[in-house]
Amino acid sequence: MLSIPLSWAGTLCPDQLMQHYQKTGASKWLDGLIQHCGDDLYHFLLRQSDPALAQDICQQTWLKVMEKRHSFRADSRFKTWLFCMARNALLDELKRQQRWLSSTCPEQLVQPESEVSQSWPAARQQRFEQALQRLPFLQREALMLQLEGFSVRQIASITNELDETVKSRLRYARRFLQARLGEHDE
Amino acid sequence: MNKQTPSEHDELQSLYQQAKQRHKMPTALKRQLLAQCAASDKQPAAWRSWWQLSQLVMGCAAMLLLLSWMQWSPTADLYQIELAASADYQQVQYHRLAGPRAVLGSQTVREERLQQVWQRQQEQLQRASAIHTRTAQLQQQEANWQLTICDELQLNLSKELVAQLQLGQSIQSDRSTQWVELELAASGQVLAIRATEQVLLCPQIKAGRLPIIRALAIAG
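## Quick word on the overall build of chain B
- Helix and strand content of chain B: five helices and eight strands.
- Going residue by residue from the N terminus, the α and β elements of chain B occur as α-α-β-β-α-β-β-β-α-β-β-β-α.
- Going through the 220 residues of chain B one by one, you find that 35% of them count as buried.
- Here the contacts in chain B between residues at least 6 apart in sequence split such that 59% fall between residues at least 24 apart.

## Examining the packing of aromatic side chains
All names here are of chain A.
- As enumerated under the stated definition, the model contains six aromatic pairs over all chains in all.
- Seen from their ring centres, Phe72 and Trp81 are 5.0 Å apart, and the 55° between their planes marks the pair as tilted. Here the two residues Phe72 and Trp81 agree in accessibility, since each one is buried.
- Ring centres 5.2 Å apart and planes at 65° place the aromatic pair Phe83 and Phe150 in the edge-to-face group. Within this pair, whereas Phe83 is found in helix α5 (residues 78–96), its partner Phe150 is found in the loop between α8 (137–147) and α9 (152–159), the two being separated by 67 residues in sequence.
- The ring of Tyr172 carries the charged tip of Arg175 above its face, separated from the ring centre by 5.9 Å.

## A closer look at the nonpolar core
- In terms of nonpolar packing, the biggest core is built from 61 residues, with Leu30(A), Leu45(A), Trp62(A), Val65(A), Phe78(A) and Phe128(A) touching the most fellow members.
- Judged by nonpolar contacts, the second largest core, of 27 residues, contains Leu114(B), Trp118(B), Leu147(B) and Leu182(B).

## Focus: unusual backbone geometry
- Even without glycine at this site, Asn160(A) takes up a positive phi of about 60°.
- On the secondary structure map, Asn160(A) appears in the loop between α9 and α10 (163–185).
- With a phi close to 50°, Cys150(B) is a non-glycine residue in the positive phi region.
- Here Cys150(B) lies in the loop between β4 (145–149) and β5 (153–157).

## Some points on the interface of chain B and chain A
- With 31 residues of chain B at the contact, the number on the chain A side is 40 residues.
- Counting each side, the surface lost to burial between chain B and chain A is near 3,300 Å², with a carbon and sulfur contribution of 60%.
- Counting across the chain B and chain A interface gives five salt bridges.
- We note a salt bridge from Asp39(A) to Lys30(B), for which the minimum N-O separation is 3.5 Å.

## Focus: helix α2 (residues 14–24) of chain A
Residues and elements named next belong to chain A.
- All of the buried residues along α2 are Pro14, Leu17, Met18, Tyr21 and Gln22. The buried residues of α2 occupy one face: seen down the axis, they fall within an arc of 135°.
- Where α2 ends, the next residue or the one after it, Gly25, has phi of about 75°, a positive value.

## Some points on the side chain of Thr196(B)
- Relative to the elements of secondary structure, Thr196(B) occurs in the loop between β8 (190–195) and α5 (203–206).
- At 3.1 Å, the side chain of Thr196(B) forms a polar contact with the backbone nitrogen of Gln198(B).

Rules behind the numbers
Residues numbered from 1 in each chain as written. Chains lettered and ligands numbered in written order. Predicted model: local features only at pLDDT ≥ 70, side-chain atom pairs only at ≥ 80, totals over all residues. Heavy atoms only, no water. Helix = DSSP H or I, 4+ residues; strand = E, 2+ residues; numbered from the N terminus. Buried < 20%, exposed > 50% of the residue type's maximum accessible area, 1.4 Å probe, protein only. Contact = heavy atoms within 4.5 Å. Phe/Tyr/Trp six-rings, centres within 6.5 Å; stacked < 30°, edge-to-face > 60°. Lys NZ or Arg CZ within 6 Å of the ring centre and 35° of its normal. Core = buried A, V, L, I, M, F, W, Y, C linked by side-chain atoms within 4.5 Å. Buried area = accessible area lost by both parts, 1.4 Å probe. Salt bridge = Lys/Arg side-chain N within 4 Å of Asp/Glu carboxyl O. Arc of directions from axis to C-beta. Polar contact = N/O pair within 3.5 Å; in protein donor to acceptor, adjacent residues only side chain to side chain.

Laid out in structure tokens, this is it:
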């Protein structure tokens, strides 16, 4: 088998990295996957839970990638598979901790910085993050997945919902965010 | 879906990306995962070597089994019977000894092996209940033997088969013998040939004619 230099790993997309990792099991490919998708996944989990749980689920998910690399289907997108596993693990944990219902309500999990002496862009950034946190769990989830680059179909696949349900959640989420950001512009 | 201008979408995307920049995956977690990842990299190497070793062992075992099978199989084709068409006989059979396939070793080893297989096959055939005897006329006793049963059957035995039958003392006849009793297995193999006084009466013989002695060229 041809061995691909480590430096090439950085030029490959996650799907290609996963294909190499699936074939070889070499850590350099998993390393590349973590470099590509690690921050995205962690941020998604963090927004949906808290730092401790996000780290825990993040770790669990990457361990699952290692364990289940052979069950990954080459025709699917790695990031969709990754987020799907993470989302399922998060929901299971929230249900286990009986936090599922409370988590569906807005919760100030990521502490915003003080608005005092902030520049306009920084204040707008803060308002965005606050508004994002105030969104209901499922709407925030749909919106974040879309902002992560997933299509409506892929979001429906990750969340195990119908396309129409996803579209509806996205519509409400965007309206809410635009309203919150617009309020302060007036 | 929601009607959103490209600029609004771009702004949300930009705000989201900035938020992500501020909440990156903790370095310690990343380091821990990479360490686990590196550890998992070592495991497959060990696993791979174990797998390769087991494959080698299994390959060798399979080879030994195959050789063993080739050496020790009852070689159903040791005694071969080929059928041929003829206008003079209802059936023409060529009996020959194929020899055990791919028997390795020296000539002596091969001969010993051949004897073992032959002996086993003969025992198996003789254990079968459907052994029958037929009277036949021995028409040629050169290296190859030819026997006929009226116009019903012509049996051609190769010299190796004759030699093998003689070695096992399954042939009790001499050059002067004209009539023999054939001991045949249900599947047609000749188990023994014995000289007999009994004369085969074919329909033609009954009609007063002697059986025609056919001068046949038999492939050596």
